[in-house]
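Here are the chains, one letter per residue:
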Amino acid sequence: MRIALAQIHSGSDLAENLGTIREFTARAAEAGARLIVFPEATMRAFGNPLRDIAEPLDGPWATAVREIALEHGITVVAGMFTPGSEPAGTDGRDDRTTGKPRVRNTLLVTGPDVSASYTKIHLYDAFGFAESDTVEPGDTPATFELDGVTFGLATCYDVRFPALFTANALAGATVQIVCASWGPGPGKVEQWELLTRARAIDTTSHLLACGQADPGTLGIENPDRLPTGVGHSGVVNPFGEDVTRADGSVQLLFADLDPEVVRRARAALPVLANRVTL
């Protein structure tokens, strides 16, 4: 199966971001891809208001993405924001109370034969950023099937928590997808690459890591080090080896996934079969 990773840079304008999805999806489909993955926050970049643009999975933005996928006969995975139900402080995580409903950080999966979604479980309350101020966490792993292959879903900070990826693998996933808008900083690119390789090895799965491009490659400054991307998207095989890896710039990556590689890896390194519940 040929897959594509769209390492894009989202802005604040929903229509412009939708136009980017349309452009990259058309290019991927023309090249024979069955699946294209976009980053977390494709709908609107972090650092912009999110509550005013959050919409349900049958809202106008998601419907437009669905129409693009159907037009090109390809499955699209893209990060968006859906309405939450609780204000900060009501879930026992902290004592902040804004009184305003938060949003959910959601991955939309849509295509001719696929309809699924995933709500980010592990929120990025780290390195001085507090995602939980405005985002409500999910609590359920999610997988979907395309052409007989099961894919597991994860978002950004989730990559630091191996149990989610193991749960996806135990649910049948042989390919893991991580959509991200990674925060910059010393050593952060190295951590991203290390973690994505580790999660592939942990689960002896292919791993598709799609992040927002580095704004600096477009001349856009990020003095507050908001999590708006560092690039370095990549495809990792089940042995933890990079099949392809981007730099920080906007680009479209392709890879051909061979299920036989997963079968060989799981026969040689049966970590899923050998695991012990402690």
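That block above? That's the structure.
Here the structure is a predicted model, which is why all the values come from computation and not from measurement.

Engineer: Can you tell me about the pairing of strand β10 (residues 149-155), naming the residues and giving the values?
Structural biologist: In terms of burial, β10 is largely enclosed, as seven of its seven residues are buried. Here β10 shows two buried faces, one formed by V149, F151, L153 and T155 and the other by T150, G152 and A154. Relative to strand β11 (residues 175-180), β10 runs parallel, the two sharing five bridges. The partner of A154 across the bridge, within β11, is V178. Since β10 and β11 lie parallel, the crossover through helix α3 (residues 162-170) that links them has a hand, and here it is right-handed.

Engineer: How would you explain the sheet that holds β11 if you had to name every residue and give the values?
Structural biologist: Taken together, the six strands give an open sheet; going across it, the order is β9-β10-β11-β12-β13-β14, and neighbouring strands pair in mixed fashion. Unpaired on one side and paired on the other, β9 (143-146) and β14 (242-245) mark the two borders of the sheet. Strand-to-strand, the axes of this sheet are offset by a mean angle of 20°, without reference to chain direction. The pairing of strand β12 (residues 206-211) with strand β13 (residues 234-236) spans three bridges and is antiparallel. Bridging across to β13, L207 finds its partner in V236. Helix-sheet contacts for α3 involve β9, β10, β11 and β12, and the interaxial angle to β10 is about 160°. Against the sheet, helix α4 (residues 188-203) makes contact with β11, β12, β13 and β14, and its axis sits at roughly 155° relative to β12, the strand it touches most.

Engineer: Break down unusual backbone geometry for me, citing the residues and quoting the values.
Structural biologist: Note on backbone geometry: most residues besides glycine have negative phi, and most peptide bonds are trans. Residue T204 is not a glycine yet carries a positive backbone phi of 40°. Structurally, the position occupied by T204 is in the loop between α4 and β12.

Engineer: With reference to specific residues and values, describe the packing of aromatic side chains.
Structural biologist: Taken as a whole and assessed by the stated rule, the structure comprises seven aromatic pairs. On the numbers, 5.7 Å between centres and 75° between planes, the contact of F46 with F81 is edge-to-face. With F46 in the loop between β2 (35-37) and α2 (60-72) and F81 in strand β3 (residues 75-87), this residue pair connects regions lying 35 residues apart in the sequence. F46 gets classed as buried once you look at its relative accessible area, which sits at 8%. Relative to F129, the ring of F46 lies with its centre 6.3 Å away and its plane at 75°, an arrangement referred to as edge-to-face. With a gap of 83 residues between them, F46 in the loop between β2 and α2 and F129 in strand β7 (residues 129-130) connect regions that are remote in the sequence. Ring-pair connections join several aromatic residues into one group, and the members of that group are F46, F81, Y124, F129, Y157 and F161.

Engineer: Now, about α4: what can you tell me, with residues and values included?
Structural biologist: If you check α4, its first and last C-alpha atoms are 23 Å apart, about what 16 residues at 1.5 Å a residue would give, namely 22 Å. Following α4 by one or two positions, T204 has its phi on the positive side, about 40°.

Engineer: Got a sec to walk through the side chain of N237? Specific residues and values, please.
Structural biologist: Structurally, the position occupied by N237 is in the loop between β13 and β14. For N237, a relative accessible area of 11% gives the class buried. A polar atom in the side chain of N237 sits 2.8 Å from the side chain of E241. Once residues lying within four places of it in the same chain are set aside, the contact partners of N237 are A200, S205, H206 and V243.

Engineer: I'd like a rundown of the pattern of salt bridges, residues and numbers included.
Structural biologist: Going through the model one piece at a time under the given rule, you end up with ten salt bridges. One salt bridge in this structure joins R34 and D147, with 2.7 Å as the shortest N-O distance. With R34 in the loop between α1 (14-30) and β2 and D147 in the loop between β9 and β10, this pair connects stretches of sequence that are 113 residues apart. The partner of E136 in a salt bridge is R104, with the nearest N and O atoms 2.9 Å apart. Residue E136 is located in strand β8 (residues 135-136), and its partner R104 is located in strand β4 (residues 101-111); the two are separated by 32 residues in the primary sequence. Residue class for E136 comes out buried when judged on its relative accessible area of 6%. Residue class for R104 comes out partly exposed when judged on its relative accessible area of 26%.

Reading guide: rules and limits
- Residues numbered from 1 in each chain as written.
- Predicted model: local features only at pLDDT ≥ 70, side-chain atom pairs only at ≥ 80, totals over all residues.
- Heavy atoms only, no water.
- Buried < 20%, exposed > 50% of the residue type's maximum accessible area, 1.4 Å probe, protein only.
- Helix = DSSP H or I, 4+ residues; strand = E, 2+ residues; numbered from the N terminus.
- Pairing = 2+ DSSP bridges.
- Right-handed = clockwise from strand over helix to strand, strands pointing away.
- Axes fitted to C-alpha atoms, helices over the stretch in contact; angles between N-to-C directions.
- Contact = heavy atoms within 4.5 Å.
- Phe/Tyr/Trp six-rings, centres within 6.5 Å; stacked < 30°, edge-to-face > 60°.
- Expected span 1.5 Å × (residues − 1).
- Polar contact = N/O pair within 3.5 Å; in protein donor to acceptor, adjacent residues only side chain to side chain.
- Salt bridge = Lys/Arg side-chain N within 4 Å of Asp/Glu carboxyl O.

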